[in-house]
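Structural features, examined
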Amino acid sequence: MKRNYENEMLAIMEEIPKGTRLLLHSCCAPCSSACLERLKDTFSITVFYYNPNIDEDAEYEKRKAEQIRFLQETGWADFLDCDHDKAAFAKIAQGLEEEPERGKRCYLCYGLRLDKTAAVAKENGFSWFATTLTLSPHKNADWLNELGEKAGGMYGVNYLPTDFKKKGGYPRSIALSNEYQLYRQDFCGCKYSRR
């Protein structure tokens, strides 16, 4: 039977104390927008910007600047930066250059980012962590939740199951992007998705 990550998330959010600390991995401001809107009244959120998959430095910096601007304008979360560790992505993508989009390379990329988020959550005393990646209709929520739970178990931090595209999450992110005039990219960031 297929899991309903949305219902699991809502059940957890009803049980935990308001203001519980959550480290939210974010790929970009547009994806974070609808996720933050859903989580902000329950959690004290810090957005964690870790995206070694983004190939070009200029694109990475542009997305990071938009994420920071959005958080400053809304006040919905704090921001935690990470180095642009392109070598980490290159290492996991090695030998998978010809894989199709949404294949094994993407699975390993999800794992790379979730493992790092879990490690940073543990180091910084966060009770929970999650990712905005489940908002996208192009991302596999089953994979993301599987990898998030695995990373949480490895580091001893609670992973919040999500499928942010449910209940109109993706269209809401487009509306918020328009409202805040956010830069919306048309590829995930890696050179393979651009291709």
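Quick note: structure is the one above.
Residues numbered from 1 in each chain as written. Predicted model: local features only at pLDDT ≥ 70, side-chain atom pairs only at ≥ 80, totals over all residues. Heavy atoms only, no water.

On to the packing of helix α5 (residues 104–123) against helix α6 (residues 141–155). Any two packed helices are characterised by how steeply their axes cross, that is the angle between the axes, and by the distance between the axes. Following both chains from N to C, one finds α5 and α6 inclined at 35°, their axes separated by 9 Å at the closest point. The two elements α5 and α6 cross, and the hand of that crossing is right-handed. On α6, the residues touching Tyr107, Tyr110, Gly111, Leu114, Asp115, Ala118, Ala119 and Lys122 of α5 are Trp143, Leu144, Glu146, Leu147, Gly148, Ala151, Gly152, Met154 and Tyr155. Here the contact of α5 with α6 is composed, by residue class, of 11 nonpolar, 3 polar and 3 charged. (Axes fitted to C-alpha atoms, helices over the stretch in contact; angles between N-to-C directions. Helix = DSSP H or I, 4+ residues; strand = E, 2+ residues; numbered from the N terminus. Left-handed = near helix turned anticlockwise from the far one by under 90°. Contact = heavy atoms within 4.5 Å. Nonpolar A, V, L, I, M, F, W, Y, C, P; charged D, E, K, R; others polar.)

Within the element layout of this structure, glutamine 67 appears in helix α3 (residues 57–74). Given the relative accessible area of 0%, glutamine 67 is considered buried. Looking at glutamine 67, its side chain comes within polar contact range of the main-chain nitrogen of alanine 29, at 3.5 Å. Beyond its immediate stretch of four places on either side in the chain, glutamine 67 contacts Ser26, Cys28, Ala29, Ser32, Val47 and Phe79. (Buried < 20%, exposed > 50% of the residue type's maximum accessible area, 1.4 Å probe, protein only. Polar contact = N/O pair within 3.5 Å; in protein donor to acceptor, adjacent residues only side chain to side chain.)

Moving on, we come to the sheet that holds strand β4 (residues 128–131). Ordered by their spatial adjacency, 5 strands build an open sheet running β3-β2-β1-β4-β5, and the pairing between neighbours is parallel. Two strands lie at the open edges of the sheet, namely β3 (78–81) and β5 (158–159), each paired on one side alone. Relative to β3, strand β2 (residues 43–49) runs parallel, the two sharing 4 bridges. Pairing of phenylalanine 48 across the sheet is with leucine 80, part of β3. Lying over the sheet, α3 contacts β2 and β3, oriented at roughly 160° with respect to β3. (Pairing = 2+ DSSP bridges.)

Note on aromatic pairs: each is described by the distance of the centres and the angle between the planes. All chains considered together, the criterion is met by 8 aromatic pairs. One aromatic cluster is present, formed by Tyr49, Tyr60 and Phe79 through successive ring pairs. Note that lysine 62 overlies the ring of tyrosine 183, its terminal NZ or CZ placed 4.1 Å from the centroid. In this structure, lysine 116 is placed above the aromatic ring of tyrosine 50, and the distance from its NZ or CZ to the ring centre is 5.8 Å. (Phe/Tyr/Trp six-rings, centres within 6.5 Å; stacked < 30°, edge-to-face > 60°. Lys NZ or Arg CZ within 6 Å of the ring centre and 35° of its normal.)

What follows deals with the packing of helix α2 (residues 29–39) against helix α7 (residues 169–180). Following both chains from N to C, one finds α2 and α7 inclined at 110°, their axes separated by 8 Å at the closest point. The angle between α2 and α7 places the two elements in the roughly perpendicular class. The two elements α2 and α7 meet at a crossing, and its hand is right-handed. Judged by residue contacts, Pro30, Ser33, Ala34 and Glu37 of α2 engage Gly169, Arg172, Ser173, Leu176 and Ser177 from α7. In terms of residue class, the contact of α2 with α7 is made up of 3 nonpolar, 4 polar and 2 charged. (Parallel < 35°, antiparallel > 145°, perpendicular 65-115°, else oblique.)

Our focus in this paragraph is α7. For α7, built from 12 residues, the straight-helix expectation of 16 Å at 1.5 Å per residue is met to within 8% by its first-to-last C-alpha distance of 16 Å. Elements in contact with the buried residues of α7: α2 and α3. The positive-phi residue at the C-terminal boundary of α7 is glutamine 181, with phi of around 55°. (Expected span 1.5 Å × (residues − 1).)

Attention now moves to α2. The buried fraction of α2 is high, at 9 of 11 residues. Every buried residue belonging to α2 is among Ala29, Pro30, Cys31, Ser32, Ser33, Ala34, Cys35, Leu36 and Leu39, and all of these are buried. The secondary structure elements touched by the buried residues of α2 are α1 (5–15), β1 (20–25), β2, α3 and α7.

Here we take up the pairing of β4. On β4, burial covers both faces: Trp128 and Ala130 on one face and Phe129 and Thr131 on the other are all buried. Pairing analysis gives 4 bridges linking β1 to β4, with the strands arranged parallel. Counterpart to leucine 22 in the pairing with β4 is tryptophan 128. The pairing of β4 with β5 spans 2 bridges and is classified as parallel. Note that in β5 the partner of phenylalanine 129 across the bridge is tyrosine 159.

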